[in-house]
Amino acid sequence: MNARFRAVLSRLLYPVALGLLLAMFAGGFYLRGVISPTSHEHGSTPDSTAGELPQSGGMESTVWTCSMHPQIRQPGPGKCPICAMDLIPLRTDDGAGGDVAPRRISFSPAAMAMMRVTTTPVATSLTAGSIDLLGKVATDETRLSTVAAWVPGRIEKMHVAFTGEVVSAGQALVTLYSPELLTAASELRLAEAALGRTPQESPLHHSMQANVEAARAKLRRWGLDAQRIEQLTRESTGDRVVVTAAVSGTVLERMGQEGMYVETGEPIYKLADLSRVWVNLEVYERDLGGLLEGESVSFVAEALPGKEFSGKLEFIDPVLDMAGRIVRARVAVDNAEGLLRPGMFVRATVGEPAATEAALVIPATAPLITGKRALVYVMLPNPDRPTFESREIVLGARRGEEYVVLNGLDEGELVVTQGNFQIDSAAQILAKPSMMNPEIVLEGWSETTFDVPEQLRAQLGEIIAAHANFSDALKHPGMPGHEHALHELQAAVNGVAHDLLPPDGHALWSELAMKISNDAAAAWKLEEPAERDAAGEQLAGRISLLKTAFNLDTGGPKGTAAPTPALQPVYEAYLGLQEALANDDETGARQRAMQLRDALTAANDLPDDWQAHQKALLSSLDAASVDKASLDEIRDMFLRVSESMVLVARQVGLPSSGSLRIAHCPMANNDEGADWLQRDSEIRNPYYGSSMLGCGYIAETLIEAEAAHAQEHHHE
């Protein structure tokens, strides 16, 4: 290599090398100055050096990870087995029994300035319920029809002289002179004459009959009905055919003229049924997330001030118009009065008016969305240094530049709207929960079990019971009162006292609480049964981990009462009465009510607190003449009896065999709601019978058949 060549090469490579050195220096500065764990997690103080990675006090309190592959965890320094980069230290022991805030991350003020983080408070908005769009009225393409020539010939008469005229099905539109028709009619007459001259026993009779059928079929293909064909067989001339309208509609286009020759199938008129029209709306790309097929749409036409129309969004075009960055959506609207005319401009509103329901909203730039998951970073009030917490949330519809938040945030919390990607990248480097590692906190807990006090055990048990009710409601959507199941589950999650949790269980509980609440909210908004089932299975997995980690015994009934054989006849009579009422069986209900009265009278070998319930039950039965009561009177009586029987199940004793559930109907008892006991998991409403047999939901499962048998065996 000569000297001149080396000089040229050095001049070319020097800037590249210098750039690489500067990039490495800047990268190191960024890692030192941007990323730092929270002071809550790692015991740092306000006086600690801002922007430094945590230093371990000993090898036993430090794990080593890869900045590019945070799933790698090693007990000591070395190389990443995936990319061969040097591992970096990640402290996990904060002196309080574990990582109590795995979703938190802090930054120095200098790092905040570099990332240019901005936040926006979560707000309640009345403008997030609808989207305003522009559109135009158009003909319904499924209601267009063309009137064409049935036979070749000359147009002799156009019965509809202008466009815009309304015609009815069967109305004459065109008279055609057709020599071909004359020839076909003659062929038919000749074929029929030949058939008439041929004896039936002749071998030619079948052939002659086939000629007649072929001649008739030819005329039918030209649109002639049976009456007109018979007329042609009697006339010596038949050279004209009348073309009629197949459907009613408005003439949009007149393509023929009197005197012109047309071929078979050549269009003469174009018709449209305008009793139903389309409204084509233009949707900007940014508003697509807020649109769902089936949503209500209201609109006004500029040509019809003061008149409002409505319909359903029935189609959203899957292809984006690249020129205007818009997608076309369609609404089908009844137009029996003919007020809407194709070409009219309209202003439409998709969704319910915002004033009917307030909603929490966040800017569209706040959530990091991957598939069905949405992650936001919430800025915490920390006077020492900026601290953020990642939060999984459930999003609703997108309305313009905002998203509706269904679950996971509270009003007033500060969400990051700029710089959230940088924060998430730092979380990934520190092997914290992030957009790419959503389940990292829950990994490794399957073999962990915490000892918890009885008060906490009871609170966690409420979550498990509420989940059972929620799962049942999820399988039977749409029934009145089912929305109570979601609120009940989320209330049970929020009702757990954090001060009762073991110190090393805070991180797990916080993660489970967030995911259980979010999974329930996400499953509740799904409509497809397969998607609801999949979401329900994911939620069941969270509950299973909750049971395992906190050592919860959920095999027995929720009630404190034990199986009581002496009450079995009472339960049998009561449950028989419930089933008879559900079947609208008045005679059977009357008999079961008398059996219940007899069973109550005979039930004496029971605890002392049974006597008060026994008296209340007999009083309810004696209030009406049971043997003469009507079905409605027995149902009124059953309401009071059920109130006492639910207390008996909780306080005195459960049946010694079979399952037992508390069901609730929010519409019974004059919309005040009422409970009853039943065995099956499928609702059989005794207050309404066949008129609303499935109205209600299982509020609580007191005992399952297998559990009942096990408890009975245990008490023996």
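For every chain, the first residue of the written sequence is number 1, and numbering continues from 1 onward in sequence order. Where totals are concerned, whole chains, interfaces and linings use all residues; where local detail is concerned, this predicted model gives features only for residues with pLDDT of at least 70, and gives and counts side-chain atom pairs only at 80 or more. Each side-chain value is worked out from all heavy atoms of the structure, with water and hydrogens disregarded.

## Quick notes on the overall build of the protein chain
When you go through the protein chain residue by residue, the secondary structure sums to 17 helices and 28 strands. The classification of residues rests on relative accessible area computed with a 1.4 Å probe and restricted to protein chains. Under 20% of the type maximum is buried, over 50% is exposed, and intermediate values are partly exposed. Residues classed as buried in the protein chain amount to 45% of the 716 residues present. Partitioning the intrachain contacts of the protein chain with sequence separation of at least 6 by distance along the chain shows that 71% fall at a separation of at least 24. If you sum the accessible surface of the protein chain, you get close to 36,300 Å²; carbon and sulfur atoms cover 53% of it. Secondary structure counts use DSSP, requiring at least four H or I residues in a row for a helix and at least two E residues in a row for a strand, with both numbered from the N terminus. In what follows, a contact means two residues having at least one pair of non-hydrogen atoms within 4.5 Å. Accessible surface area values rest on a Shrake-Rupley calculation with a 1.4 Å probe, where residue burial reflects the displayed protein chains alone.

## Let's talk about the pattern of salt bridges
What counts as a salt bridge is simple: a side-chain nitrogen of Lys or Arg found within 4 Å of a carboxyl oxygen of Asp or Glu. Inspection of the entire model under this criterion finds 22 salt bridges. Across the pair Arg 216 and Glu 192 runs a salt bridge whose closest N-O atoms are separated by 2.6 Å. Residue Arg 216 is found in helix H5 (residues 205–221), and its partner Glu 192 is found in helix H4 (residues 179–197); the two are separated by 24 residues along the sequence. Overall, the relative accessible area of 15% leaves Arg 216 in the buried class.

## Quick word on the packing of aromatic side chains
Each Phe, Tyr or Trp ring (for Trp, its six-membered ring) is paired with any other whose centre lies within 6.5 Å, and the angle between the two planes then decides the class: stacked below 30 degrees, edge-to-face above 60, tilted in between. Applying the stated criterion across every chain, the model contains six aromatic pairs. Aromatic side chains Tyr 574 and Phe 638 sit 5.1 Å apart centroid to centroid with 15° between the ring planes, which places their arrangement in the stacked category. Of the two residues, Tyr 574 is situated in helix H12 (residues 568–582) and Phe 638 in helix H15 (residues 631–651); the sequence distance between them amounts to 64 residues. Since its relative accessible area comes to 0%, Tyr 574 is described here as buried. Through a chain of ring-to-ring contacts, the aromatic side chains of Tyr 574, Phe 638, Trp 676 and Tyr 687 assemble into a single cluster.

## Comments concerning the sheet that holds strand E27 (residues 674–678)
Read from one edge of the open sheet, three strands run E27-E26-E28, paired in antiparallel fashion. Strand pairing shows two members of the sheet lacking a second neighbour, E27 and strand E28 (697–703), which therefore form its edges. Taking the axes of each pair of neighbouring strands and ignoring which way they run, one obtains an average angle of 25° across the sheet. Pairing of strand E26 (residues 660–665) with E27 involves five bridges; the strand directions are antiparallel. Pairing of Cys 665 across the sheet is with Ala 674, part of E27. Contacts from H15 reach E26, E27 and E28, with the element oriented near 65° to E27. What makes two strands pair is DSSP finding at least two bridges between them. To obtain an axis, a line is fitted to C-alpha atoms, over the contacting stretch when the element is a helix, and the angle between two such axes runs from 0 to 180 degrees between their N-to-C directions.

## Brief notes about the sheet that holds strand E13 (residues 261–262)
The strand order across the open sheet formed by four strands is E11-E10-E8-E13, and the pairing between neighbours is antiparallel. The sheet is open, and its two borders are formed by strand E11 (240–244) and E13, each paired with just one other strand.

## Some points on the environment of Lys 615
Structurally, the position occupied by Lys 615 is in helix H14 (residues 610–622). We classify Lys 615 as exposed; its relative accessible area is 65%. Spatially, the C-alpha atoms of Lys 615 and Leu 600 are 8.9 Å apart, while their sequence positions differ by 15 residues.

## Quick notes on the packing of helix H8 (residues 454–475) against helix H10 (residues 506–525)
At a minimum axis distance of 12 Å, the contact between H8 and H10 shows a crossing angle of 20°. As the angle between them shows, H8 and H10 are arranged roughly parallel. The two elements H8 and H10 cross, and the hand of that crossing is left-handed. Listed contacts from H10 to Leu 460, Ile 463, Phe 470, Ala 473 and Leu 474 of H8 are Trp 509, Ala 520, Ala 523 and Trp 524. Gly falls in the polar group here, along with every residue not listed as nonpolar (Ala, Val, Leu, Ile, Met, Phe, Trp, Tyr, Cys, Pro) or charged (Asp, Glu, Lys, Arg). Looking at the contact of H8 with H10 residue by residue, the classes come out as nine nonpolar, no polar and no charged. Each angle is binned into one of four classes, with values under 35 degrees roughly parallel, values over 145 roughly antiparallel, values of 65 to 115 roughly perpendicular, and all other values oblique. For any pair of crossing helices, the crossing counts as left-handed if the nearer helix is rotated counterclockwise from the farther one by less than a right angle, and right-handed if it is rotated clockwise.

## Quick notes on the confidence of the model for the protein chain
pLDDT is defined as a per-residue confidence score from the predictor, taking values between 0 and 100. Counting all residues, the mean pLDDT for the protein chain is 77, and 79% of those residues have values of 70 or more. Within the protein chain, the lowest mean pLDDT, 35, falls on helix H2 (residues 39–42), and the highest, 94, falls on H12. A low-confidence stretch, residues 554–559 stays under pLDDT 50, and its non-local contacts, those more than four residues away or across chains, total 14 contacts. Confidence over residues 707–716 falls short of pLDDT 50; this stretch has 12 contacts with residues more than four positions distant or in other chains.

## A closer look at the environment of Ala 465
As for its position among the elements, Ala 465 is in helix H8. Residue class for Ala 465 comes out buried when judged on its relative accessible area of 18%. Along the sequence, Ala 465 and Leu 489 sit 24 residues apart, while their C-alpha atoms lie 8.4 Å from each other.

## Side note on the state of the cysteines
Two cysteines joined by a covalent bond between their sulfur atoms form a disulfide. Cysteine sulfurs are considered disulfide-paired once they come within 2.5 Å of each other. Counting across every chain of the model gives zero disulfides. No disulfide involves Cys 665; its sulfur sits 3.6 Å from that of Cys 695, the nearest cysteine. For Cys 665, a relative accessible area of 0% gives the class buried.

## Overview of the nonpolar core
A general trend in soluble globular proteins is that nonpolar side chains are found buried together. With 47 residues, the main nonpolar core has Tyr 574, Leu 577, Leu 596, Trp 610, Leu 660 and Leu 677 as its most contacted residues. Sorting the residues of this core by element identifies H12, helix H13 (586–602), H14, H15, E26, E27 and E28 as the ones contributing at least two each. With 10 residues, H15 is the largest single contributor of residues to this core. Apart from the residues within four sequence positions on either side, Leu 677 is in contact with Tyr 571, Tyr 574, Leu 575, Gln 578, Met 645, Val 646, Ala 649, Leu 660, Arg 661, Ile 662 and Leu 702. Ranked by size, the runner-up nonpolar core spans 34 residues in total, among them Ile 464, Ala 492, Leu 501 and Ala 523. Remark: nonpolar core denotes a set of buried residues (Ala, Val, Leu, Ile, Met, Phe, Trp, Tyr, Cys) joined through side-chain atoms within 4.5 Å.

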